Structures are given as structure tokens and as C-alpha cells.
Amino acid sequence: MRAMKETVCLISLGCPKNLVDSEVTLGLLSKEGHPLTTDPSRAEVIIVNTCSFIKDATQEAIETILQYIRFKREGRCRLLIVSGCLPQRYGKVLEKELPEVDLFIGTGSFQKIPQLISREGKRKSYLSGRTFLYNDKTPRILSTPPLTAYLKIAEGCSRTCTFCTVPRIRGPYRSRTIHSIVKEAERLAVQGVKELVLIAQDTTTYGEDLRDGTSLERLLKGLVRVEGLRWIRILYAYPKPVRFTKTLLQLIGQEEKVCSYLDLPIQHIDDAILRRMGRRSKGREILDLIRKIRASVPGIALRTSLIVGFPGESERQFKTLLHFVEETRFDHLGAFKYSPEEGTPAIRLSNPVPEEVKEERLRTLMEVQKRISHDAYQQLVGKKMEVLVEGAGSRKTTLRGRIQTQAPEIDGNVFLKGTAPLGSWVEARMTRALPYDLFGEIQKILP
Ligand code: SF4
């Protein structure tokens, strides 16, 4: 047993859901007395919390691990731990591939890391158990800018999208209780958090597995009563029309704290491709849903994610997708080339699209979106808007912030002229638009 608790550095890769797991790991380590550092050269223990849902993410995880294996070889850290989706997905084979790594911890065991650090023993992999789902009593150390926090409302996914590895890595869908989530929100608000970003693999299915009337709408009703919060944002809302009830949309439209913003990952619009993807909505249903959302919440900002180059996607089907993007004019859009993933049904589908065609389709689609995004921002020039000041600006501007229709990390920023304390809310007049960012001048600091 070691006397002094070792200093730990955790490198977090992947999505906000994985980031919350990292923050919980830091909270548990700190509770056990481990000093924490963001500087790996000052750490005795290095943890790489990995993502592995597609090849590129797996590649990034491996490259990061190799970087810290060099650290270990140079004796600059005692223990190297790899946690998260990579060990959960690939299991014990990693022990042979990466022998210098001391521990491989899956998504069901990261809460045990403080105990495993001080344990001596031969076993290297802890991969069993379903993904650990924290609650309001679990210690957590935020790593996001001080006013913003991700709130994981559920873990896993029970859908069967044919291209997706998540259900196999993270297990079936499990919701937290409204009580636990609201309690955590209250704790975060006391800590000074003003923006809560609700995340799960699919936020619209929230509560269904509890079979007790728990729902996203009831959760929002609980969260808007939490004092001190200013923005509550919904990400990863699966586009299933029946989930978007009239009363849920009314709540989003009427509750000031609920951002007039929705992230709706659609993936495609062509019926045949949606069927091959195993998506449960048809193109017509999705179009009607978008119309219903925009009619119920005028001015709502919509974000989506699309996949190009899915096996069998013909030029005509890609044109259908392109036309949909041109017509729908999403405020924000992320597009990805289809990535064939081992263990997914889609990898066995016929008619793979050549890489260069995927590239070309991605480029064409993002060119269209760039114009749409620029036009949307151009509409805001001259307007006075509420901006959350988050950090220092670029060369010509002093500060950087976000408006309500910009989610953290994915939707661009507002670069501001003027002075205001970090973490304050200001009213700023928008002065210039770029395709993915805005410029503004601070008019006044808001209470
Ligand atoms: S909804 Fe589909 S794409 Fe999203 S995590 Fe679940 S299986 Fe994957």
C-alpha cells in the first residue's frame, strides 16, 4: 500500500458522454486524495479515456496511447491506464497489442480506478459489467468552461442503426431518475453553472425504460425550476416524430431557460438508405417533424448530423440528400463519410461507395451548408443579442462567447469587441458574419 497518493493526469478523448465519464473519474480520484494535474509530465499515473466508435476515433486513441507509452518507457510515469470505449470494444487483445499499458478499464469499471491504482496484481483488464451510470451523489470534477456543464441523463442505446457500434460498446438504454438529475443540476447551479447541456445517445427516448411516466418533458419541467440556471440545451434528439409531443414543443417554445435550439441527428433522408441504416423514421416523417418543430417554436435553431457514402448510396440518392439540405437550411450541420465498422451489420452490405466519391459528396454537401450557415448568420448582423462570455478572443477582438443558438464546441463562436468579465452575460450588437462564426460589439453587461 503506497502512503502518498499519486498525482494523476487524465486525457479525455471522444464525445461529451465520454467527457462526463472522465469528470466522474476525476471526482472519484480526488475524493480518494489523489492530486490531479492537466500536465502529464507532472503525473505518476496517466489515464487515457478513449473513444472508439469509428476507425478515426480508434486511430486517435491508439496514437495518444503510443505517445504516453513513450512517457512510460522514459520512466516519466509509473502507471499508464487506458479506459473507455477502446478497451470495451476490443477487449483483451489490446493486452498483446499494447503490452506497456498497465490497466485496461472498460466503460463498466472506470468507477473502480481509484482502487485499481493502488492495487498490485497481475490482472490487466477490467471489462465486465454494463456501463457505469453515475448519479447525483457521485463526485465529479467539471472540465468544461466554468459556466457550462454536460448533464448525462441516460447511458447506452437500444436502437439498431446498422452502422453504429455504440449499443455493443455502451449496452442497452438506461435512464437516470428525474430526482437524481435535478439534484445534480441543483448542485451544479450552486457551483455557478448557468448552462446545462443535456446529453445521452438519444435524449428523446429518455425515461421510457423506466416505465413510470418519466419523460424528457417531465425532466425539463423539473430542470427549469432549478434556480440560477439560464440555458438548458438538448443535444442528440433522435428524430422520432411521436416523441415530439405538442406539449414538449410548447415547453421548449415557452420556457425561457430552455434554449430555442435542438440537435436532431437525421443521418439521411432517402427512404431506401434510411431503411438500410436501420433508422426508424421515413423521409416524409422527418420532413413533417421539422415543419412541426419550426411551426411550434418559431426561430428555433436546428442542428443535424448526416452520413454520406453509405453502402448503396447512388448519385440520385445523394442528390436527394443535397436537395434536402438546400431546402431545410439547418443552422448547424455536421456531415461524415460512412465508416465501415467491424461487428456492425452495415459492413456486410453490398455496393460500397468508393472513398473518392465519399470525399466528393462530403465536400459538395459542406459547400452548400457553408453558404446556408453564412446566410443564417448574416441575418443576425445589426441585431442585439445575449452572449455568454467564455474566453479570450482572437487577434483583433478581445473576447469570445456564444449566443443561445450556438452549442459549446460544435457551433462556432461570437468574437467580441469591448470589455466584460469572463463568465458574464452581455448584450452585443452583431457586426459581421463569417460562415461559422460571428463578430459583435459589447453594448452592456447583463445582470
Ligand atoms: S441512435 Fe443509432 S446512431 Fe445513435 S447511438 Fe443509437 S444505434 Fe448509434
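Residues numbered from 1 in each chain as written. Predicted model: local features only at pLDDT ≥ 70, side-chain atom pairs only at ≥ 80, totals over all residues. Heavy atoms only, no water.

(A) The arrangement of the overall build of the chain in detail. Regarding its fold elements, the chain presents 13 helices and 18 strands. Overall, the C-alpha framework of the chain stretches about 60 × 55 × 50 Å when taken along its three principal axes. Counting all 447 residues of the chain, 55% fall into the buried class. Carbon and sulfur atoms make up 53% of the accessible area of the chain, which amounts to about 19800 Å² in all. Averaging the locations of the 71 positively and 53 negatively charged side chains of the chain gives two centres separated by 2 Å. (Helix = DSSP H or I, 4+ residues; strand = E, 2+ residues; numbered from the N terminus. Buried < 20%, exposed > 50% of the residue type's maximum accessible area, 1.4 Å probe, protein only. Areas by Shrake-Rupley, 256 points an atom, 1.4 Å probe, with all protein chains shown as cover. Lys, Arg positive; Asp, Glu negative; His and termini not counted. Charge placed at Lys NZ, Arg CZ, Asp CG, Glu CD.)

(B) Up close: the packing of aromatic side chains. Following the criterion strictly, the structure yields seven aromatic pairs and no others. Aromatic pair Phe110 and Phe132: ring centres 5.5 Å apart, planes at 85°, arrangement edge-to-face. Of the two residues, Phe110 is situated in the loop between strand S4 (103-105) and helix H5 (113-117) and Phe132 in the loop between strand S5 (125-126) and strand S6 (148-152); the sequence distance between them amounts to 22 residues. Ring centres of Trp231 and Trp425 lie 4.7 Å apart, and the angle between their planes is 80°; this geometry places the pair in the edge-to-face category. One end of the pair, Trp231, is in strand S10 (residues 231-234); the other, Trp425, is in strand S17 (residues 425-433), with 194 residues separating them in the sequence. Relative accessible area serves as the criterion here: at 1%, Trp231 is assigned to the buried category. Three or more aromatic residues link up through ring pairs in this structure, and these residues are Phe163, Phe310 and Tyr338. The lysine or arginine in question, Lys17, covers the ring of Tyr236, its NZ or CZ lying 3.8 Å from the ring centre. The ring centre of Tyr261 lies 4.8 Å from the NZ or CZ of Arg233, which sits over that ring. (Phe/Tyr/Trp six-rings, centres within 6.5 Å; stacked < 30°, edge-to-face > 60°. Lys NZ or Arg CZ within 6 Å of the ring centre and 35° of its normal.)

(C) Here's a closer look at the sheet that holds S5. Pairing is parallel across the open sheet formed by five strands, whose spatial order is S1-S2-S3-S4-S5. Single-partner strands in this sheet number two, and they are strand S1 (8-12) and S5. Bridge analysis of strand S3 (residues 79-84) against S4 gives three bridges, and the strand direction is parallel. From the neighbouring strand, Ile81 faces S4, where its bridge partner is Leu103. Most of the contacts of helix H1 (residues 16-31) go to S1, to which it runs at about 170°, and overall it touches S1 and strand S2 (45-50). Most of the contacts of helix H2 (residues 55-73) go to S2, to which it runs at about 170°, and overall it touches S1, S2 and S3. (Pairing = 2+ DSSP bridges. Contact = heavy atoms within 4.5 Å. Axes fitted to C-alpha atoms, helices over the stretch in contact; angles between N-to-C directions.)

(D) Fine view of the nonpolar core. Formed by 91 residues in total, the largest nonpolar core has its most connected members in Leu198, Leu219, Leu220, Leu223 and Leu365. Excluding anything up to four places from it in sequence, Leu198 contacts Leu151, Ile153, Thr203, Leu216, Leu219, Leu220, Leu223, Ile232, Arg233, Ile234 and Leu235. Listed in part, the 19 residues of the second largest apolar core include Ile46, Cys77, Leu86 and Leu94. (Core = buried A, V, L, I, M, F, W, Y, C linked by side-chain atoms within 4.5 Å.)

(E) The side chain of Thr37, seen in detail. Among the structural elements, Thr37 can be located in the loop between H1 and S2. At 3.3 Å, the side chain of Thr37 forms a polar contact with the side chain of Arg42. If we skip the residues at most four places from it in the chain, Thr37 touches Thr7, Val8, Cys9, Leu10, Arg42 and Ala43. (Polar contact = N/O pair within 3.5 Å; in protein donor to acceptor, adjacent residues only side chain to side chain.)

(F) Examining the packing of helix H7 (residues 178-190) against helix H8 (residues 216-223) more closely. With their axes 10 Å apart at the nearest point, H7 and H8 run at an angle of 30° to one another. The angle between the axes of H7 and H8 places the two elements in the roughly parallel class. For the pair H7 and H8, the crossing hand works out as right-handed. Between H7, through Ile178, Ile181, Val182 and Ala185, and H8, the contact on the second element is made entirely by Arg218, Leu219, Gly222 and Leu223. Counted by class, the contact of H7 with H8 contains six nonpolar, one polar and one charged residues. (Parallel < 35°, antiparallel > 145°, perpendicular 65-115°, else oblique. Left-handed = near helix turned anticlockwise from the far one by under 90°. Nonpolar A, V, L, I, M, F, W, Y, C, P; charged D, E, K, R; others polar.)

(G) Region of the structure containing the site of the ligand. Residues in contact with the ligand, as listed here, are Cys157, Arg159, Cys161, Phe163, Cys164, Val166, Pro167, Gln201, Tyr238 and Arg279. Looking at the shell around the ligand residue by residue, the classes come out as seven nonpolar, one polar and two charged. (Near = heavy atom within 4 Å.)

(H) The arrangement of the domain arrangement of the chain in detail. Looking at the assigned domains, one finds that the chain contains domain 1 (8-126), domain 2 (148-378) and domain 3 (384-445). Here the C-alpha centroids of domain 1 and domain 2 sit 29 Å apart. In total, about 1500 Å² of surface goes out of reach between domain 1 and domain 2, with carbon and sulfur atoms giving 55% of it. Scanning the region where domain 1 abuts domain 2 turns up four salt bridges. In this structure, Arg170 and Asp21 form a salt bridge, with 2.8 Å as the shortest nitrogen-oxygen distance. Inspection of the domain 1/domain 2 interface yields 10 residue pairs in polar contact (both at pLDDT 80 or more). At the level of elements, H1 and helix H3 (85-90) are the ones that each hand at least two residues to the side of domain 1 that touches domain 2. Sorting elements by how many residues they give to the side of domain 1 that touches domain 2 places H1 first, with six residues. Of the residues belonging to the side of domain 1 that touches domain 2, the class tally is eight nonpolar, four polar and four charged. (Domains from an automatic or database assignment. Buried area = accessible area lost by both parts, 1.4 Å probe. Salt bridge = Lys/Arg side-chain N within 4 Å of Asp/Glu carboxyl O.)

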